[in-house]
Structure formats: C-alpha cells, structure tokens
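# Structural description and commentary
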Amino acid sequence: MTTQTNLGGSFTFANTTMTVNRMGYGAMQLAGPEVWGPPRDPDEAVRVLREAIDAGVNHIDTSDFYGPHVTNQIIKQALHPYPDGLVIVTKVGARRGADKSWVHARSRQDLIDAVHDNLRNLGLEKLDVVNLRVGEVLKPSEGSIEEPLTVLAELQRQGLIRHLGLSNVTRRQFAEAQKISKIVCVQNFFNVVQRDDDAFVDELATQGVAYVPFFPLGGFTPLQSSELDAVAVSMGATPMQVALAWLLHRASNILLIPGTSSVKHLRENLQAAALQVPPETIAKLDSIAGGGD
C-alpha cells in the first residue's frame with residue numbers, strides 16, 4: 001500500500017468545481033506494446049490503478065484510442081463505480097489503423113463515435129473533460145480547429161461532456177478555441193528538455209487554465225541529460241523523479257500525468273512530488289534546454 005500523501009498540492013480548473021491533486025496518472029502504458037492490445041500483465045494493470053487511487057491520485061488521463069479501447073476497459077474494471085472526486089480526462093481526434101498507426105479522426109461522425117466509445121468503455125453517462133487532439137505525433141500544426149471543436153461543443157450542450165480541453169495545439173489555436181467554448185486545459189509536449197511552450201505555460205497560468213505536459217519523461221525516448229543525471233545523484237533521487245519535480249516547480253498550473261504499467265514505478269513517480277528542489281538546483285535544470293516559443 002502506498003503511503004505517499006504529498007501529491008504536489010491541488011489545482012482547481014478555471015470556471016469549474018473540479019479540483020485535482022497535481023500529480024495524476026496517465027493510462028496510455030496500460031495497453032500492450034506500442035499501445036496496442038491487452039497488457040502483458042492485466043492483473044498488474046489493475047493493481048497500478050487501484051494503488052494510484054489509494055495514494056490520492058484523482059486525475060486520470062486516458063483515451064479510447066489507447067489499445068484501442070483497452071485502457072478504458074481496464075480503468076472501468078479496476079475502478080468502477082468511480083470514487084467521488086475522481087476526474088477522468090479523455091481525448092478524441094485520432095484512431096488506430098490496423099497497422100498500429102495513429103490516424104487523424106476529426107470528422108463529425110468520427111468525433112461523435114469517439115465520445116460514445118469513451119462513454120461506453122468507461123461506463124459513464126457524461127465525460128468530465130474531453131480534449132480535442134490535433135497536430136502531429138509530438139508537435140502542433142497550424143490550421144483552424146473550429147469545425148471539430150464545434151462538434152464537441154454541441155455534444156457538451158447535449159450533456160455528454162462537462163468540459164473541453166485541447167491537446168497538441170498552438171497558442172493561435174487556443175485563442176480560436178476560446179471563441180467557441182471555455183477551455184479548461186491544454187495538453188502539449190513539454191518537459192525539462194523540451195521547452196518550446198515556456199511562454200504558453202505562463203500565458204495559460206494567468207487565465208487559470210491547466211497545462212498538462214504529455215511525455216513529461218520523454219515518452220518513447222526517455223530523457224537523456226548528463227546535467228539531469230548529476231542533479232539526481234546529488235539529491236539521492238532518480239533522474240525521472242527530478243524531471244517530474246522540476247515540472248511541479250515550473251508553474252502552479254502544471255498538472256502531471258506520468259504513466260507506467262508497474263506498481264514499483266508508480267510509487268517512484270508519486271514520490272517525486274515530495275522532492276524539495278533548492279533554487280540553485282532549479283537554475284541548473286533550467287539551463288538544460290533553452291526556453292522559447
């Protein structure tokens with residue numbers, strides 16, 4: 001049983017009653033290799049989710065195109081009926097090809113089907129937050145998102161979605177989205193090494209909008225930095241724990257969703273929220289990558 005209680009403090013999404021602990025959990029790795037098919041150890045996947053909840057995690061990030069369908073089905077198996085206060089954030093806008101590829105799926109019918117898939121596989125009547133996923137695998141791409149977001153706004157008015165967010169977007173697309181609906185979170189690629197969104201993080205903070213870094217530990221290519229390794233040794237922590245702690249220090253609107261299929265790794269991730277990082281160490285970590293837009 002995890003005894004970790006410090007999960008980085010809490011955050012309340014702007015214009016909502018949803019408050020979550022800043023250290024959450026990302027469910028992508030619950031699926032099999034290449035985020036495809038069932039996990040190698042289904043029982044461990046269930047244990048990971050239950051241990052996360054027992055530790056105080058109340059923010060889970062998922063999608064029905066993980067697996068596909070697999071992660072949501074495991075979440076339902078492990079946690080349904082869901083505890084009070086649990087916020088499940090899902091995303092739509094993509095699907096998996098038969099060759100395991102990631103394919104854009106942003107037509108009106110694609111989005112309607114995706115929302116209903118998430119509802120069915122999670123066992124919910126209404127989704128807490130749905131992120132519209134656009135852009136490429138790691139980077140946003142310019143272009144209007146009015147048409148797909150308008151579809152999600154319609155589903156929101158129908159009572160199937162409580163709140164809307166965005167994933168893999170530019171600042172211009174965020175501004176466009178705000179004309180269509182209130183946006184409670186943005187989920188982009190960001191970590192101690194990859195910091196193209198530094199200015200965007202700060203802009204969202206002034207509006208009370210959550211910034212949720214995906215691949216906070218580098219994703220499919222784990223973070224590599226001799227400076228990060230050295231800092232970790234000096235702190236008696238792992239490089240990944242330091243990378244997570246840096247994100248929590250970076251801005252109060254940053255919410256973390258590190259993923260894992262291992263209880264041991266889950267515990268290590270959660271412990272990162274308790275790390276005290278001195279200002280001089282933060283300065284060293286800031287120097288790993290140049291900020292910018």
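Residues numbered from 1 in each chain as written. Predicted model: local features only at pLDDT ≥ 70, side-chain atom pairs only at ≥ 80, totals over all residues. Heavy atoms only, no water.

## Considering the packing of aromatic side chains
Applied cut-off: Aromatic contacts are taken between Phe, Tyr and Trp rings whose centres are within 6.5 Å, Trp giving its six-membered ring; a plane angle under 30 degrees counts as stacked, one over 60 as edge-to-face, and the others as tilted. Charge over a ring is defined by NZ of Lys or CZ of Arg lying within 6 Å of the ring centre and within 35 degrees of the ring normal.
Summed over the entire model, instances satisfying the criterion amount to nine aromatic pairs. By way of ring pairs, the aromatic residues Phe 65, Tyr 66 and Trp 102 are connected into one cluster. Over the face of the ring belonging to Trp 102 we find Arg 96, whose NZ or CZ atom lies 3.8 Å from the ring centre. Between the NZ or CZ atom of Arg 133 and the centre of the ring of Phe 214, over which it lies, the distance is 5.3 Å.

## Overview of the sheet that holds strand E9 (residues 161-167)
As a reminder of what qualifies: Pairs of strands are assigned from DSSP output, requiring at least two bridges between the strands. A run of DSSP states H or I qualifies as a helix once it reaches four residues; a run of E qualifies as a strand once it reaches two. Both are numbered from the N-terminal end. The contact definition used throughout considers only heavy atoms, calling two residues in contact when any of these lie within 4.5 Å. Angles here are taken between N-to-C directions and fall from 0 to 180 degrees, while the axes themselves are lines fitted to C-alpha atoms, restricted in helices to the stretch in contact.
Overall, parallel pairing links the seven strands, which are arranged E3-E4-E5-E8-E9-E10-E11 in an open sheet. Looking at strand neighbours, the two that pair on one side only are strand E3 (25-26) and strand E11 (210-211), the edges of this open sheet. Relative to strand E4 (residues 59-61), E3 runs parallel, the two being bridged by two bridges. The partner of Gly 26 across the bridge, within E4, is Asp 61. Where helix H3 (residues 108-122) meets the sheet, its contacts fall on strand E5 (87-92), strand E8 (127-133) and E9, and the angle it forms with E5 comes to roughly 150°. Docked against the sheet, helix H5 (residues 171-178) engages E9 and strand E10 (183-187), running at close to 160° with respect to E10.

## Structural notes on the pattern of salt bridges
To keep it simple, the criterion reads: Salt bridge, as applied in this entry: a Lys or Arg side-chain nitrogen positioned within 4 Å of an Asp or Glu carboxyl oxygen.
What the rule picks out here adds up to 13 salt bridges. The closest approach of N and O atoms between Glu 51 and Arg 267, which form a salt bridge, is 2.7 Å. A residue pair is termed long-range when its members are at least 10 positions apart, and Glu 51 in helix H1 (residues 42-54) and Arg 267 in helix H9 (residues 263-271) qualify at 216 residues. Residues joined by salt bridges that share partners form a network here, namely Arg 195, Asp 198, Asp 202 and Arg 250.

## A look at helix H2 (residues 70-79)
The line we're drawing: For every residue, the accessible area (1.4 Å probe, protein chains only) is compared with the maximum for its type, and the residue is labelled buried under 20%, exposed over 50%, or partly exposed between those bounds.
The element H2 is extensively covered by neighbouring structure, given that seven of its 10 residues are classed as buried. Residues of H2 that are buried make contact with H1, E4, E5 and H3.

## Topic: the packing of H3 against helix H4 (residues 146-157)
As a reminder, the rule being used: Geometric relationships in this document are graded by angle, where less than 35 degrees denotes roughly parallel, more than 145 denotes roughly antiparallel, 65 to 115 denotes roughly perpendicular, and other angles denote oblique. In this scheme the handedness of a crossing depends on how the near helix is turned from the far one: anticlockwise by less than a right angle means left-handed, clockwise means right-handed. Following the grouping adopted for this structure description, the nonpolar residues are Ala, Val, Leu, Ile, Met, Phe, Trp, Tyr, Cys and Pro, the charged ones are Asp, Glu, Lys and Arg, and the polar ones are all others, Gly among them.
The interhelical angle for the contact between H3 and H4, taken along N-to-C directions, is 40°, at an axis separation of 9 Å. Comparing the axis directions of H3 and H4 gives the class oblique. Note on packing geometry: the crossing formed by H3 with H4 is right-handed. In this structure, H3 contributes Arg 108, Leu 111, Ile 112 and Val 115 to the contact, and H4 contributes Pro 148, Val 151, Leu 152, Glu 154 and Leu 155. Across the contact of H3 with H4, the residue classes break down as seven nonpolar, no polar and two charged.

That's the geometry; what it means functionally is another story.
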